[in-house]
Amino acid sequence: MSLSVSGLTKRFGGKTAIDDLSFAVARGEIVGLLGPNGAGKSTTFACLAGLARPDAGTIRFDGRLLESDRGRTVAVIPETPDVYPLLTVWEHLVFVARLCRLDAGWEARGEALLARFAMLGERDTVGNALSKGMRQKTLIAATVLAGTPVLLLDEPMIGLDPRGQRELREMLAELRAAGTALMISTHQLESAEALSDRIIVLNHGKLVVSGTIEELRADHAGSLEDIFLDLTRT
Amino acid sequence: MTTLGALFYADVRSLVNQLREIRRAPGRSVVWVLFVLFVAGLIGFRIYNASHRAHFGRHIVAGAGMLDLMACFAIALLGAALAFGGRYAGLFAHPAEARFIIDSPAQPFVATLYVQVRQIVRGSARQALGLLYMAVIYLPQTLPAASLVRDLVLIGVAFAFIAAVPLARQLLSPRLAPFAFAAGAACLAAAVAVALRAGASALSTTVPAAGALARHLPAWHPGAIFTAGAPGGDATIAAMLVCTGALFAYVAQRARDAYPELYELSMKRLARVERLRARSFGLAARAPQTPVHRTAAAGPAPAGVAIFIWRAWTEYRRTNSVRATSIETATCLIAGYAVARIAQVTRPEMLVTFASSVLNIAFIIAVMRSATLATELRRPLFWLSGATLFERLCALGLAQSWRLIGWLVLGGIGLAAGGASAPVVVAALIVAPCGAALALAIGYASYALLPYEADQRGPLLFVRLLLGYVLIVPPIVAGIAIAALERITLTGLIAASVIALLEAGVLLGFASWRLDRMSISLR
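None of the values given here were measured: they were computed from a predicted structure.

Our focus in this paragraph is the pairing of strand S7 (residues 150-154) of chain A. Residues and elements named next belong to chain A. Within S7, 5 of the 5 residues are buried, leaving the element largely enclosed by the surrounding structure. Across 4 bridges, the pairing between strand S6 (residues 74-77) and S7 is parallel. Along S7, the bridge assignment pairs Val74 with Val150. Here S7 runs beside strand S8 (residues 181-185); their pairing, made up of 5 bridges, is parallel. Among the inter-strand pairings, Val150 is bridged to a residue of S8, identified as Ala181.

Let's shift gears to the sheet that holds strand S2 (residues 15-25) of chain A. All names here are of chain A. Taken together, the 4 strands give an open sheet; going across it, the order is S2-S1-S4-S5, and neighbouring strands pair in antiparallel fashion. Two strands lie at the open edges of the sheet, namely S2 and strand S5 (64-65), each paired on one side alone. As defined by bridge partners, strand S4 (residues 56-61) adjoins S5 across 2 bridges and the pair is classed as antiparallel. Counterpart to Phe61 in the pairing with S5 is Arg64.

Residue and element names in this part refer to chain B. Two elements in contact, helix H16 (residues 389-417) and helix H21 (residues 489-516), have axes whose closest approach is 9 Å; the angle formed by their N-to-C orientations is 125 degrees. As summarised for this structure, H16 and H21 are arranged oblique, according to the angle between their axes. In this structure, the crossing between H16 and H21 has a hand that is right-handed. Taken together, the residues of H21 that come into contact with H16 (itself represented by Leu389, Phe390, Leu393 and Cys394) are Gly505, Leu508, Gly509, Ala511, Ser512, Leu515 and Asp516.

All names here are of chain A. One ladder, built from 7 bridges, connects strand S1 (residues 3-12) with S2; its direction is antiparallel. Paired with Leu3 across the bridge in S2 is Val25. Here S1 folds back onto S2 in antiparallel fashion, the turn holding 2 residues, of which Gly13 has a positive phi close to 65 degrees.

All names here are of chain A. Taken in spatial order, the 6 strands make up an open sheet running S6-S7-S8-S3-S9-S10, and their pairing is mixed. Of all strands in the sheet, those with a lone pairing partner are S6 and strand S10 (206-211), marking the two edges. Each adjacent strand pair in this sheet contributes to an overall mean axis angle of 20 degrees, direction not counted. Sheet strands in contact with helix H5 (residues 162-177) are strand S3 (29-34), S7 and S8, and its direction is about 145 degrees off that of S8.

Once that is clear, we can look at helix H4 (residues 132-146) of chain A. The end-to-end C-alpha distance of H4(A), which contains 15 residues, comes to 21 Å, matching closely the 21 Å that a straight helix rising 1.5 Å per residue would cover. The first or second residue beyond H4(A) is A:Gly147, which carries a positive phi of 65 degrees.

What follows deals with the interface of chain A and chain B. If you look at the interface, chain A gives 44 residues, while chain B gives 39 residues. Summing the contributions of chain A and of chain B, the shared interface buries around 3900 Å²; its carbon and sulfur component is 61%. Here chain A and chain B share 3 salt bridges between them. For A:Arg53, the salt bridge goes to B:Asp516, with nearest N and O atoms at 3.5 Å. Taken together, chain A and chain B are joined by 8 residue pairs in polar contact (both at pLDDT 80 or more). Listing elements by their share of the side of chain A that touches chain B, those giving two or more residues are S1, S6, helix H2 (89-99) and H4 of chain A. The biggest single contributor to the side of chain A that touches chain B is H2(A), with 8 residues. Its residues assigned to classes, the side of chain A that touches chain B comprises 22 nonpolar, 10 polar and 12 charged.

Here the focus is the nonpolar core. In terms of nonpolar packing, the biggest core is built from 114 residues, with A:Leu48, A:Phe95, A:Leu152, A:Leu172, A:Met183, B:Phe308 and B:Leu515 touching the most fellow members. By size, the runner-up hydrophobic cluster in this structure holds 40 residues, among which are B:Tyr114, B:Val115, B:Leu167 and B:Leu247.

Residues and elements named next belong to chain A. With respect to the helices, strands and loops of the structure, Gly110 is situated in helix H3 (residues 106-116). The sequence separation of Gly110 and Thr58 amounts to 52 residues, and the corresponding C-alpha distance is 34 Å. In this view, Gly110 contacts Trp90, Leu93 and Leu145; residues no more than four positions away in its chain are not counted.

What counts and how
- Residues numbered from 1 in each chain as written.
- Chains lettered and ligands numbered in written order.
- Predicted model: local features only at pLDDT ≥ 70, side-chain atom pairs only at ≥ 80, totals over all residues.
- Heavy atoms only, no water.
- Buried < 20%, exposed > 50% of the residue type's maximum accessible area, 1.4 Å probe, protein only.
- Helix = DSSP H or I, 4+ residues; strand = E, 2+ residues; numbered from the N terminus.
- Pairing = 2+ DSSP bridges.
- Axes fitted to C-alpha atoms, helices over the stretch in contact; angles between N-to-C directions.
- Parallel < 35°, antiparallel > 145°, perpendicular 65-115°, else oblique.
- Left-handed = near helix turned anticlockwise from the far one by under 90°.
- Contact = heavy atoms within 4.5 Å.
- Expected span 1.5 Å × (residues − 1).
- Buried area = accessible area lost by both parts, 1.4 Å probe.
- Salt bridge = Lys/Arg side-chain N within 4 Å of Asp/Glu carboxyl O.
- Polar contact = N/O pair within 3.5 Å; in protein donor to acceptor, adjacent residues only side chain to side chain.
- Nonpolar A, V, L, I, M, F, W, Y, C, P; charged D, E, K, R; others polar.
- Core = buried A, V, L, I, M, F, W, Y, C linked by side-chain atoms within 4.5 Å.

Here it is, written out as structure tokens:
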């Protein structure tokens, strides 16, 4: 196992956003994180990425407790693509490459990433002039370039055109093959079913179920949508 | 419930919910209570001072025509608003409100009038506090309390009037636009005349030419209606209230037919405000909307957190031409040189007044840079790499303040060229940049203490001021003590700089510790 979460709890004032959450994500595995609005998906991501301090619980990577330097281990791509308005697409890649002190071959990898997202024509366009989808692609390309072993994606398909969505799906499959541990939070159940090796369903901050699609189907009847609605009824 | 009732309900509930949020956190409640006490204390102190006619040592400033200059500033604002409208003119606070009002069956006149009045009241709350602070510092301390209140009301109404102009100006018929432009140009010319006269009067005793200029410039100016005193004050307040009401009514009357324009203006304003919040540093930060050639990028990118400085430099180059940079550089150098030359022929208190004003402005600019910290923290790329938050904040601080530090250093070089004494030059070259770093760190630390938006409109200002004035004492005291002990001014200045830097480091450490424990939203 690579990423392991144990007893994770986060409260905001009197409200418990996530409650005693435990799960693991192996290297080379894609885990779909599902749940209704307010279930605690984004809070879970924030805790994993070090943007929120859990009230209890531990987060480990390869057995090592993740501390404040987790930026080299975990990266998050949020739903809102917040890029630097005055840096070009290419400069975003330069920024990440130098910040993370990437090796000399990063430029070729960066070019390849832009080519995959059909963004070579936009490489010298500043963030302010990009459409929402292009910003999303820029952020994904820059984050993937950083090459962190754990990647968290919050609704990554929103804003992407069909070609971009296909490229992202293929890219995620490649990252999985390369040994990256991936978690995808989404409301698009078809997308989660197609991408994920395993599904985790949260409701009211608690883990409701965790398993492969086949395991879920063995215990519950119907489509993933039926299973999801059944599990999150209350 | 009518539309007006619904708008009022939404505003009241927002306020109540904000108060509830504050009450939930004991720390925030304490800061808010302290803030309210601070404001009450400010008013009480001023009234006590006025009733006892206590000497506060600020008559030099008042005597140097500060009121004239303030009136001049107001006239210049009015002139600019009349001539050009205003880039920040807008009616609706956010898109949802616009859709709600436009789609509702409400009388556009009533709804628009309400929104305008609310915008002015909301917008003026922070300015009112600023005015109160200015009144304590700058207005003559012998002014009776009643006159002080009248003056503050007068200034508040004047700014409300000026704030109401841009939106009405934007909706003005094109046929009338030239008249508005002419009126605006006249106001700007009057403001320049007032500024010239005030400057010339201040220098008249030491520079003969300035005295001659002061004698030739007319004594009366449009701003005199602000500074004429009590007899004219009430009439002026009434007149400006009528004018403000007329402007509001004009916009409200045109609202139904002008909803598309009003919506567009409001969205543009929101986009500008967002850009202003997000920009790294600079006065002109409109991003180019066309592709940028790679040659326009900055030079080689450094590794690690120093990349934040590279990013600031790239953004600066992207938004500033070589000509603008040359003008900026020359202005700083000439200003330093001019100050050094003027200081040789004028009274020392003039120089002290000028220097303290410049340092105050530099302090405010540096502290306000922290306003962009929230935007930085929301960006996921900020959090990549294994660098600690302290390292990131240090690099970000340097990235956000290098331009201000550059201005101060250039000013110092100008001072040296103008023949200023060694301690003054050292103060500009070393002490002022260290002070700027301290001010920025104060901004970060106070943001980390009160990161909520509601707090930033209230007690954050108080915390910044408090921290600023408390933390500036140790470097000054240590500097003076060491200079007195060693009998070398230079040693004292360097000691003050070192202590300011140490304080900045501690504050950045506190900010990173506190931010590390907070939940940061990426939305």
